Structure formats: structure tokens, C-alpha cells
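Below are the chains, spelled out letter by letter.
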Amino acid sequence: MAIVPIRGLGAKGIIKDPAPYNLPLDAWSGGNNVRFENGRVRRAPSFRTIDDTGTVDPVFMYGARPSGSNDFILYTDALGNAYTFTGVHTDITNPSFTPGASTSPTTATILDDVVYLNRNTHIPYYLLDGGSQMEPLTDFGWDATHRAGAFRTFKDYLFALDITKGANEFPNMVKWSAPSTGNGSPPASWDETDPASGAGENPLPELQGRILDGGTLKDKFIIYSNNDVWDVDFVGGTFIFDFQKLFDDEGILASGTFLEIDGAHYVWGEHDIYVHDGITKRSIVEGTNKEHIFNGMNKSLKDKFHMAYNPVLDEILFFYVANEADTAWQNTSSPNRIAAYSVNEGTWSFRDSPGVIGGAEIIYTEVLPWDSATSAWNLYGGSWDGSADTNRTALILMTTPETGAGLTGRKVYGYDTVGEWSIIPFPLDTSVTPTAYVERIGMDLDELGGEIRIHKVFDRIYPQAKIFGEPIEIAIGSQLTGFGPETVAPYLTFDPVTQYKLDFRRGGRYLSLRVRQTEPVDFWFSGADVDIKFNGRR
């Protein structure tokens, strides 16, 4: 008999690509709706209901952060109509706008406190700080026959990417405005034929494919196609900008699948997920979950994939449509899966997404009055002290209905921890807070001298865990061969306040461990002592 101590069970996260029996003991081979911190596993953040969008089905959202007024959410429907959310919803569609259904990507950006909205079916529109409706950019020199695939900001300029002029497409063209004058209005010109204006355009004939997106990285602007990456430097003078190829072996998956964090771009590419600083790049998913993510995604819906950053937990969320057996909502056309990467820990986890169409980090100061609470008190997040914080930054998400999957809400959610350190004073939506679990299958215990041919018996476990109102459940399983059928003992409940061990008796050449929380509450599990017998060779 051997007492095997296993510690730091949040150190490696979930690793799905290698065979389970090749993983170290402190890695999990599967799991859902969890996160990893400080060597432990706990329930992932979930969704607190702030509001709904009424009858509007949002397809795009952007967090606007003007310097002179409060942050707000700008969002659109499939027809291109525009709305803001500031605690209340306002239709800001220009009366002259002609709605039209499209699945083309929408982009938004901000320059000098003016917000810009673009979709390649229409001319770009802008919203002044404090304005009540979107206005056409043709008011400031944009040609009414021109369209852009994406709209971004670099230094004092607006960048339009992937240009169409009338019937002529220029998918490798970058077009830029005159510099902003800093007076809270759009740049005055887009006329590339007038050198004095500062506006210009440049095709990139060596670029492979169509420009999909781009964004600022420190003092550069980075351009992405499916297949390569270019950088743009401001040089001033006659040429204004200098364009150079950066990488030619990877690009971007779709518009909106990159983020700038701490002086680096995290990029979801066609074949990899990588980070680069404008000079060198490295994969953050190779050898851990690359095959799982790329083989499990529904790539035909990649234009609906997107990314968001959760500043509270320092994690990047990759939202996508997945064909995976353990997703809570199947057969959706909007994201039903989140792959979460902890920037600080370097670990991966996976979560369910209830049709989230976008996310934005903003300062959100709305507070639900306590006397209007309609849910149980324990479902509300935040604190009295936190509610008084007018600089509280939160990740706000929006969802669209997926009636075939049982998701009928058009929600505005705050993405927030379920238990400790909650910051958003709104109720948890328990209907979209599924079971949280981790599992480790295929433990051959060769680290302890347990040869594969040795039959091992799992007698009992002494968990190191903490609960928040509801016990966790633990199950033990076994296999006789590496990929043979698994026999799993029934789950047993564990309350660390009243219990210190659970007794099992399960034997095989490969052992497994599962921990789950079925209730919408937090927990953590950091390690265990396991009592194992080595019964001889067979």
C-alpha cells in the first residue's frame, strides 16, 4: 500500500492533445467550466444578468471609452441598425441608413473621442461624443462609392483596410485619413490625391490573400491576412508610413481574433494561436490543446468567432462554435464554447458560452438597487464597498438567441466570479451556469514505480478542497488497457467541514479521478493524498 501525495493540481491546467497516460500527475486530461489559479482548480466565472436587449438580436458589440464621458456599449443587429447601452438602450441608427441583412464582419474604433462603425455593405458611420445618432462619414470626405472591410485607428489616423471602389476590389489595400485635428470631430479628408491633406493609400501586392484586420501594437500598426502579417511604421514626411512584411507562415483566422495585451498581440491564426511582440512569435497552444481546439471548431462559422480579455483574472477568452460532446448547448450558430488562456499562469481551461456574440472591457458604474432585487441574495455579486467604486472595470458580454439549443435570451451579462472576489452587483443567471468539473484519466503511476502491467487498486482519497455552501462530488475510475472501457464508481459527496476522506475500491492498470460541482457555487480543489495498493503483475 502507498499513500501518494498529489499537490498543485492547478499548475498545468487542462491538456487534451497528448495521450492521458503521458501527462504529469498535476495536469488534467479534461474539464469544463473551471479555471486555474495558485495551484488549484475552481469554478470558472459565469454570467450575471445586467439587462436584456428587448426584441433586438445583437450580432456585434464594441466597448467605447471616450475620455470626456462615461464608457458605453455600441452594438448592432444583423440589419446594421446601431444601438448604445449605458444602463438604458438607445437606437442611434441614422434615419437615412438603409438596413440590409448581412453576415459580413463589423468593426468599430475610436479616435479623438469619435466612435466609428463599419461594415462593408455600407459606408462608414461615426458617432460624436455626446451625439444622439450615427452620421455618415461622407460628411468628412469619404467617397460614397467606397467600402472597407475593417476600420481601425493608428496614432492620429483612421485606417481603412480591404477597400472596394465601386465595382473594383482592392483586398490588399490600406487607406488612411488625414490626421485628426484633436477637436472632437472626424479627420477632414480621405483624398489620397492631395499631398497636403496627409491622407493616402497603399496596396500591398506581396500580401497573400485579403486583409482581414489590423491593430496598434506599441508604436506600430499590425496588418493581418489569413496567411501573413505586416507591420506599419510612422515615418512622416512624404511617405508618412512604411510597410514591411513581418511573418509569412501564419496570419489571422477572422476579423476580431486578436488582442493587444501588455505590449503583445495574442492572435488566433488559421493554424495556431500565438503571441508576438512585432519581432518574434511563439505558439501558446502547441503541445497542449491545439489539436483539440482546431479539430473541434466549426470553421465554417469562423466570422462569428471573437476574443475578449478579462482583466480581473488576467485571462484571454476565445469564443467559438464547437462540435464537442460536453458542450452544454449543441448545434448553435453563435459561440457555444470558450477556450480560456491564463496569461499569468500559462494554463488552458474550457467553458460553455450561451451564444455570446461579443465582449468588451469597460468601466460600468450602473448598480442594481438592493430594494429591486428579484433573485435570492446569495446569487448577487459585488459588495457595498465595490458598488461605490466608480472606476470598476468589468467584462461585459452580449448574447443572441439560439432557440434550437434552448437559449432564448438577448442578454447583457457581466462576466464575473461566482463566489469570492465578485465585483458585479447583479444576479447570477443560474440557467447558464452548468456543472463545473475536471477529470484525469489514464494515470499509470509510472512516476511512482507503478509499471503498466501492475494492477493498482484505488482504496481511498484524502482531498484538499474548500466549498462555498455546497459539497463537491468525487469519483474514481479504472481501465485495464490504455484505451479500453473505463469503469467509474458512483460519485460521492465530500464536505471538507465534516469529512477528511472518501473510501473507494476500484482497480485496474490505469486509474482516473473526477471532481465536480453541480450547483452554481464556487469551490476549489488543490490536491489530495490517495491510498493505492500495487497488487502485482498480470
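It should be noted that the structure appears before, not after, this text.
Residues numbered from 1 in each chain as written. Predicted model: local features only at pLDDT ≥ 70, side-chain atom pairs only at ≥ 80, totals over all residues. Heavy atoms only, no water.

Engineer: Tell me about the overall build of the chain, and name the residues and values.
Structural biologist: A tally of helices and strands in the chain yields 2 helices and 40 strands. Against the globule reference of 24 Å for 538 residues, the chain gives a C-alpha radius of gyration of 26 Å, in line with a compact fold. The principal-axis extent of the C-alpha atoms belonging to the chain is close to 85 × 60 × 40 Å. By the burial criterion, 57% of the 538 residues in the chain qualify as buried. Taking the intrachain contacts of the chain between residues at least 6 apart in sequence as the baseline, contacts between residues at least 24 apart amount to 62%. For the chain, the exposed area adds up to about 21300 Å²; of that, 49% sits on carbon and sulfur atoms. Across the chain, 44 positive and 70 negative side-chain charges occur, with their mean positions spaced 11 Å apart. (Helix = DSSP H or I, 4+ residues; strand = E, 2+ residues; numbered from the N terminus. Rg over C-alpha atoms; globule rule 2.2 N^0.38 Å. Buried < 20%, exposed > 50% of the residue type's maximum accessible area, 1.4 Å probe, protein only. Contact = heavy atoms within 4.5 Å. Areas by Shrake-Rupley, 256 points an atom, 1.4 Å probe, with all protein chains shown as cover. Lys, Arg positive; Asp, Glu negative; His and termini not counted. Charge placed at Lys NZ, Arg CZ, Asp CG, Glu CD.)

Engineer: Tell me about the environment of Ala325, and name the residues and values.
Structural biologist: Among the secondary structure elements, Ala325 is positioned in the loop between strand E27 (315-320) and strand E28 (337-342). Along the primary structure Ala325 and Arg7 are separated by 318 residues, whereas in three dimensions their C-alpha atoms are 29 Å apart.

Engineer: How would you summarise the pairing of strand E23 (residues 264-268) if you had to cite specific residues and measurements?
Structural biologist: Within E23, 5 of the 5 residues are buried, leaving the element largely enclosed by the surrounding structure. The side-chain alternation of E23 yields two buried faces, one formed by Ala264, Tyr266 and Trp268 and the other by His265 and Val267. Adjacent in sequence and paired antiparallel, strand E22 (residues 258-261) and E23 are bridged by 2 residues, among which Asp262 carries a positive phi angle near 50°. When E23 meets strand E24 (residues 273-276), the two strands line up antiparallel, connected through 4 bridges. Among the inter-strand pairings, Val267 is bridged to a residue of E24, identified as Tyr274. The loop that links E23 with its antiparallel partner E24 comprises 4 residues. (Pairing = 2+ DSSP bridges.)

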